[in-house]
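An overview of the molecular structure
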Amino acid sequence: MDNIHFSLSLLTTLLLLLLLRSSTTLAQTPAPGPSGPTNITKILEKAGQFTTLIRLFQITQVGDQINTQLNNSNQGLTLFAPTDNAFSSLQAGTLNSLSDQQKVSLVQFHILPTFLSMSQFQTVSNPLRTQAGDSAAGEFPLNVTTASNQVNISTGVDDATVDNTIYTDGQLAVYQVDKVLLPLKIFGTPSPAAAPAPAAPKAAKKKSGSDDNPVAGGDSPADSSGGIGRAIHEGVGIIAVMLAITFNL
């Protein structure tokens, strides 16, 4: 019986020693490092429903530019990410009708060059400047308004709402929006083209002397008077000849 108790005590002691050793080993193991550099494509892939935006990032290479900027500087970024449904609501052929540069500008129009939390949208000054460039009227203006916890975005062409936060780490913020943000520079309704100036009336064709005369082909007044003078002169000559012949007889 004593042997049994001794064996149990020894087993218990060995188990305690093993547990202590395991705890010490775990404590000395370093914490896992970060999963890797920030990658906007992976963030969107993990969130799902952003296939079209990811494809645009790849075509325009804007995605690589975002990753490079985030991993090589302390500058923050804010991305408004339209869902696939948002792109599907565009008129058919909209994206295909854009030039390569317009596609770049469209994607950049969804990116703010600073990090903005949801609460900071309440104090920003409009219009916001995007990576697309000039925020002047008719170019790439982006205006934000807030109501309670809702953030609304207006481009001058369409209006969108921030649905939720996809990702935020203090340097990058990605917000899901329900519409593709369409900039005025590309999608704004052009002002009506100025109506062409009326053509100057054609100068009236100057009529010739025969046109001015009511009788086509007739002599002008000067020609008529000259003809009468000649007729009288000839008549006088004929009378003189007849008189001379008479007197000679």
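So, a few notes on the structure that sits alongside this text. (Residues numbered from 1 in each chain as written. Predicted model: local features only at pLDDT ≥ 70, side-chain atom pairs only at ≥ 80, totals over all residues. Heavy atoms only, no water.)

**Description of helix α4 (residues 62-72)**
- Along α4, the residues classified as buried are V62, G63, I66, N67, Q69 and L70. Axial view of α4: buried residues confined to an arc of 165°, hence all on one face. In α4, the exposed residues that point more than 90 degrees away from the buried face are D64 and N72. (Buried < 20%, exposed > 50% of the residue type's maximum accessible area, 1.4 Å probe, protein only. Helix = DSSP H or I, 4+ residues; strand = E, 2+ residues; numbered from the N terminus. Arc of directions from axis to C-beta.)

**Brief notes about the packing of aromatic side chains**
- Applying the stated rule across the entire model yields four aromatic pairs.
- With a centroid separation of 6.4 Å and an interplanar angle of 35°, the aromatic rings of F80 and Y175 are classed as tilted. In this pair, F80 sits in strand β1 (residues 77-82) while Y175 sits in strand β6 (residues 172-177), placing the two residues 95 residues apart along the sequence. Across the pair, Y175 and F80 agree in class, each one buried.
- Here F121 and Y175 contribute two aromatic rings whose centre-to-centre distance is 5.6 Å and whose plane-to-plane angle is 65°, an arrangement assigned as edge-to-face. Of the two residues, F121 sits in the loop between β2 (111-112) and β3 (143-147) while Y175 sits in strand β6, which places them 54 residues apart along the sequence.
- For Y175, a relative accessible area of 2% gives the class buried.
- Aromatic rings pair up to connect F80, F121 and Y175 into one cluster. (Phe/Tyr/Trp six-rings, centres within 6.5 Å; stacked < 30°, edge-to-face > 60°.)

**So, empty space enclosed by the protein**
- Inspection of every chain in the model, using the stated rule, returns one cavity of 30 Å³ or more.
- Estimates place the volume of the largest cavity at around 30 Å³.
- What lines the largest cavity is L53, L56, F87, L106, V107, H110 and V180.
- Elements supplying a minimum of two residues to the lining of the largest cavity: α3 (51-60) and α6 (100-108). (1 Å grid on protein atoms, 1.4 Å probe; cavity = no way out; pocket = protein on both sides within 12 Å on 5 of 7 lines; lining within 4 Å. Points joined across faces, edges and corners; volume = space filled by probe spheres on them.)

**Examining the environment of A136**
- Checked against the element boundaries, A136 lands in the loop between β2 and β3.
- Owing to a relative accessible area of 35%, A136 belongs among the partly exposed residues under this scheme.
- Sequence-wise, A136 and K185 are 49 residues apart; in three dimensions their C-alpha atoms are separated by 9.9 Å.

**Digging into the sheet that holds strand β5 (residues 159-168)**
- The mixed open sheet is built from six strands, whose spatial order is β2-β1-β6-β5-β4-β3. Two strands bound the open sheet, and with one partner strand each, they are β2 and β3.
- The strands that helix α2 (residues 40-47) touches are β1, β5 and β6; relative to β6, the one it contacts most, it runs at about 40°.
- Taken strand by strand, α4 contacts β1, β2 and β6, and its axis lies near 150° from that of β1. (Pairing = 2+ DSSP bridges. Contact = heavy atoms within 4.5 Å. Axes fitted to C-alpha atoms, helices over the stretch in contact; angles between N-to-C directions.)

**Let's talk about α3**
- All buried positions along α3 are accounted for by T52, L53, I54, L56, F57 and T60.
- In this fold, the buried residues of α3 make contact with α2, α4, β1, α5 (84-88), α6 and β2.
- Within two residues after α3, Q61 carries a phi angle of roughly 65°, on the positive side.

**A few points about the nonpolar core**
- Residues L44, F57 and F80 are the most contacted members of the largest nonpolar core, which totals 45 residues.
- Looking at this core element by element, the count peaks at five residues for β6.
- Excluding anything up to four places from it in sequence, F80 contacts H110, L112, F121, L142, I153, V162, Y175, V177 and L181. (Core = buried A, V, L, I, M, F, W, Y, C linked by side-chain atoms within 4.5 Å.)

**Comments concerning the side chain of D84**
- Structurally, the position occupied by D84 is in helix α5.
- Among buried charged residues, D84 stands out as having no salt bridge; its nearest opposite-charge side chain is R55, 6.8 Å away.
- Those residues in contact with D84 that lie beyond four places of it in its chain are Q49, F50, T51 and T52. (Lys, Arg positive; Asp, Glu negative; His and termini not counted. Salt bridge = Lys/Arg side-chain N within 4 Å of Asp/Glu carboxyl O.)

**Regarding the side chain of T161**
- You can see T161 is positioned in strand β5.
- In terms of polar contacts, T161 uses its side chain to reach the side chain of N152, at 3.4 Å.
- Apart from the residues within four sequence positions on either side, T161 is in contact with Q150, V151, N152, Q176, V177 and D178. (Polar contact = N/O pair within 3.5 Å; in protein donor to acceptor, adjacent residues only side chain to side chain.)

**So, unusual backbone geometry**
- Here the amide bond leading from N126 into P127 is cis, since omega sits at -5°, within 30 degrees of zero.
- For Q49, which is not glycine, the phi dihedral falls at a positive 60°.
- Tracing the chain through its elements places Q49 in the loop between α2 and α3.
- Given the relative accessible area of 40%, Q49 is considered partly exposed.
- With a phi close to 65°, Q61 is a non-glycine residue in the positive phi region.

In short, shape yes, function no, at least from these values alone.
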